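Summary of structural features
Below, each chain spelled out in residue letters.
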Amino acid sequence: MIAQTVGFDKDLVLPSVLVAFSVLVGYVAIQSIYYLYFHPLASLPGPFFARITDLYGGYHAWTGRHHYHLYKLHKKYGPVIRYGPNRVSFNTATAVKDIYGATKPLRKSAGYRALLLSGNVFSLFTSIDKSFHGKRKRIMSHGFSDAALRSYEPIVQERIDKFLEILTKEAGTDGWGVSKNMSRLCAGLTFDVMGALVFGQPFKILEDENGLSYVIDAIISASRAVGVMVHLPVFGKNNILFKTRGLFRLLFLSIKDLKNIKAFLALSAKLTKERTAQEAAKVAGEDIVKAQGVPNKDILGWILAATDPETGEHLSLSDVWGEARVLIIAGSDTTSTSLSGALYYLSRNPAILNKLRTELRTTFSSEDEIWPGSKINSCSYLKHVIEEALRMSAPVGGILWRETTVDHVVQGITIPAGTDCGVPVYSIHHHSDYFHDPHVFNPDRWDENIVGAEAVVAAKSAWIPFQIGSRGCIGRPLANMELTLTLARIVYSFEIRVDESQRSLGQADVVPGYTEFETKDQLTAETTGPFLQFKKIEV
Ligand code: HEM
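Residues numbered from 1 in each chain as written. Predicted model: local features only at pLDDT ≥ 70, side-chain atom pairs only at ≥ 80, totals over all residues.

- The chain carries the name Cytochrome P450 in an unreviewed UniProt entry, which gives Arthrobotrys conoides as its organism.
- What UniProt states about the chain under its Subcellular location (unreviewed entry) heading is, verbatim, "Membrane".
- According to UniProt, the comment filed for the chain under the heading Cofactor (unreviewed entry) is "heme". (UniProt positions renumbered as here; feature names shortened; annotations may be inferred.)

1. Describing the sheet that holds strand β14 (residues 531-536)
- Strand order in the open sheet made by the 3 strands is β4-β14-β9, with antiparallel pairing throughout. Edge positions in the sheet fall to β4 (180-181) and β9 (494-498), since each has one partner strand and no second.
- Relative to β14, β9 is paired through 5 bridges, and the arrangement is antiparallel. The partner of Glu 495 across the bridge, within β14, is Lys 535.
- Its contacts with the sheet put helix α17 (residues 317-348) on β9 and β14, and the angle it makes with β9 is roughly 85°. (Pairing = 2+ DSSP bridges. Helix = DSSP H or I, 4+ residues; strand = E, 2+ residues; numbered from the N terminus. Contact = placed C-beta atoms within 7 Å. Axes fitted to C-alpha atoms, helices over the stretch in contact; angles between N-to-C directions.)

2. Description of unusual backbone geometry
- A cis amide bond links Gly 529 with the next residue in sequence, Pro 530, at an omega value of 0°.
- Here Pro 530 shows up in the loop between β13 (524-526) and β14.
- Of note, the phi angle at Gln 411 is positive, near 55°, even though the residue is not glycine.
- Within the secondary structure layout, Gln 411 lies in the loop between β6 (408-410) and β7 (413-415).
- Located in the positive-phi region is Gln 467, a residue other than glycine, with phi close to 60°.

3. With respect to the UniProt feature "binding site: heme" (unreviewed entry) in the chain
- Taken from the UniProt record, the annotation "binding site: heme" (unreviewed entry) applies to Cys 473.
- Looking at the secondary structure, you find Cys 473 in the loop between α23 (453-461) and α24 (476-493).
- A tally of 18 C-beta atoms within 10 Å means that Cys 473 is categorised as partly exposed.
- Residues contacting Cys 473, with those up to four places away along its chain left out, are Phe 466 and Gln 467. (Buried ≥ 20, exposed ≤ 12 C-beta atoms within 10 Å, placed from the backbone.)

Okay, structure coming up:
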């Protein structure tokens, strides 16, 4: 009797499906009409699908080429584009200030929440709430003070020594080493440096000693999903979808990737625990790190010892683990892309390479003299080469979304509260209003004596590889140290040549007639090459 009442009526299946489908289509149609004609951003230009769904941006993020795509869109539609129902991309230096300026009423977009690995444990990088971020920054900045940086110098130099040894390790009788994939080798260097600086011990990826090169692969594959989710704010805003983000990540990962990520999480948890226990055992007033033979201090050493000056709080173990993981990711991949990019451009521009070598050889009388300090700071051409490499192929080349917390004027347009805004880094770095011949690698564009003060001021206003404002990169001085020391020491001591058989690998031609170092954008970048050979210069 009961079975009959709730029985399954086959005749109702098709009509039910049709009704559900019609409701869905009707809902999408009404919502699209609203987005296209009645939404406060309706008058802004942009691709049709971008104006009605965030899936448009999500798809282009998935291709890894959305930074190049945004560049082309800005060329087509002008400086302001609607890049999602509730998202606006601006391509001007005024917008940089209006959006990222320290006092502006914007916070990181809800999309950043999708980056969280476990529950709601935010880190300095992933935090959205401004007061949480301020508190965390007060503690974290201890690890990036001038004193902290000085204590890192020998660690960085020791890893660079190892890196340079590898360049000509299997050199032939003519002195030229075998061809190296610089993306991979530079990643070995920067991950080792970050391992040593965060946990007090290098991963020794350069020596291939501890079998930890999977850390690089783990982070590259984890970044693929993150690079898409950060462009889908719904993952941060909708709690049900937020809980499914783990499943979404699976779409981007192979079994091997999953194993690598799991191993990296376990490794970073183990090293954080060990390092925290060491610090807890610290005898008052004694530097246990030195006492235990670990060279100098590391970032965890500084931040574990730090307290929030306003609240007196310390970080908990899970907070420290969260910060450690993010530091390894944020500090390695970015610096490695910058270094590979600079080597790509130097190896393809012999005149620029020679000019840089002349500067270094007239400043230093031997490679051993190349240390942080006033001498290296006086090498203005070295600085300009790095600035230019970061402009041409910025490691974070996409768009870093910020959400308006109140109605706010950007570039003269009132943007309603709750809208995501951003300036795509690749686009503004290649904007001809700020950079003459933007697709040409030209370090001289940063020299006032050559191009004039006005041109340099304009260029600086649009140069944002580290972002600006309170959410700008805390690791910038450390990245600068790594980049200047490594490049100066390579160029001082080695001849460099392109492996012609691999020249086109990792090379993009975004604009016909120009080639550049290709970055696959996934919040940070995935890169290949350049494939280079090195020969030690005879003294
Ligand atoms: C050339 C190398 C680097 C580049 C181009 C770079 C770029 C950036 C950018 C663009 C941001 C803003 C991200 C956003 O708004 O979502 C950022 C933030 C950050 N970076 Fe870097 N970075 C580099 C090196 C480093 C290093 C070496 C470290 C650490 C050791 C580091 C740690 C961080 C952290 C913790 C944040 C978050 C800061 C905050 O929100 O207060 N970065 N970086």
